[in-house]
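# A structural walkthrough
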Amino acid sequence: VTRGPFDAFVTLLDPTKDDPLLALAPPDLRARYLIVRGRARQITGRRAEAATDFSGALLEARKTGDAHLTARSLVYAGTAARLEGRLGDARDRFEGAVRLFDEQKDGRASAVVLSALGAIDLVTGDLPRARLTLLRAIDNLAALGDRSARAMVQIDFGLVEQELGD
């Protein structure tokens, strides 16, 4: 668990949660605020509170019609679900984020989330699905010329191939 400045940061952010001025802020600002607070809470080990913040951020982001903000919120909510062991919820959120990132032609963001999905498939034993998902991430990263990120995904892909016996 990380302490230090993040604890102070969470302390500074917590009093604003019931601030009536925050309620007057536009949804995109509320979503961004909840993401920042959720990240600080997650780093300090307050996972349940972080998950609540990320779910709130997702609700606010959806009000905006901003696909990128919604996708980011889905990723944070999915990560919180994964850390809490709710892999089905994590999968649903990550799949939603991939759809939005693909619509925006953001291959890098899509590849990062596909890698997380492939890792979930690997852990849950759905190896054929993990193989396809990780190949898609590898293809995205290859198209972008990102060799180091591609190599990281290929590690999980290698584990899948080993398990499949290919």
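Throughout what follows, the structure given in this document is the object of discussion. (Residues numbered from 1 in each chain as written. Predicted model: local features only at pLDDT ≥ 70, side-chain atom pairs only at ≥ 80, totals over all residues. Heavy atoms only, no water.)

In terms of regular secondary structure, the protein chain is built from nine helices and zero strands. Traced from its N-terminal end to its C-terminal end, the protein chain shows the element sequence α-α-α-α-α-α-α-α-α. The 166 residues of the protein chain split such that 41% are buried. Within the protein chain, contacts between residues separated by at least 24 positions form 52% of all contacts whose residues are at least 6 apart in sequence. In the form shown here, the protein chain has an accessible surface area of approximately 8800 Å², with 57% of it arising from carbon and sulfur atoms. (Helix = DSSP H or I, 4+ residues; strand = E, 2+ residues; numbered from the N terminus. Buried < 20%, exposed > 50% of the residue type's maximum accessible area, 1.4 Å probe, protein only. Contact = heavy atoms within 4.5 Å. Areas by Shrake-Rupley, 256 points an atom, 1.4 Å probe, with all protein chains shown as cover.)

As a further point, take the nonpolar core. Counting residues in each nonpolar core, the largest one holds 25 residues, and the members touching the most others are Phe 94, Phe 101, Val 113 and Val 153. If you list the elements that add at least two residues to this core, you get α5 (67-83), α6 (87-103), α7 (107-124), α8 (127-144) and α9 (147-164). Each residue touching Phe 94, except ones within four places of it in the same chain, is listed here: Val 75, Gly 78, Thr 79, Val 113, Ala 116, Leu 117 and Ile 120. (Core = buried A, V, L, I, M, F, W, Y, C linked by side-chain atoms within 4.5 Å.)

What follows covers the packing of α7 against α8. Two elements in contact, α7 and α8, have axes separated by 8 Å at closest approach and are oriented at 160°. Taken together, the axes of α7 and α8 lie roughly antiparallel to each other. In this structure, α7 meets α8 at a crossing whose hand is left-handed. For the pair α7 and α8, the contacting residues are Gly 107, Arg 108, Ser 110, Ala 111, Leu 114, Ser 115, Leu 117, Gly 118, Asp 121 and Leu 122 in the first and Leu 127, Arg 129, Ala 130, Thr 133, Leu 134, Arg 136, Ala 137, Asn 140, Leu 141 and Leu 144 in the second. Residues belonging to the contact of α7 with α8 are distributed by class as follows: 10 nonpolar, six polar and four charged. (Axes fitted to C-alpha atoms, helices over the stretch in contact; angles between N-to-C directions. Parallel < 35°, antiparallel > 145°, perpendicular 65-115°, else oblique. Left-handed = near helix turned anticlockwise from the far one by under 90°. Nonpolar A, V, L, I, M, F, W, Y, C, P; charged D, E, K, R; others polar.)

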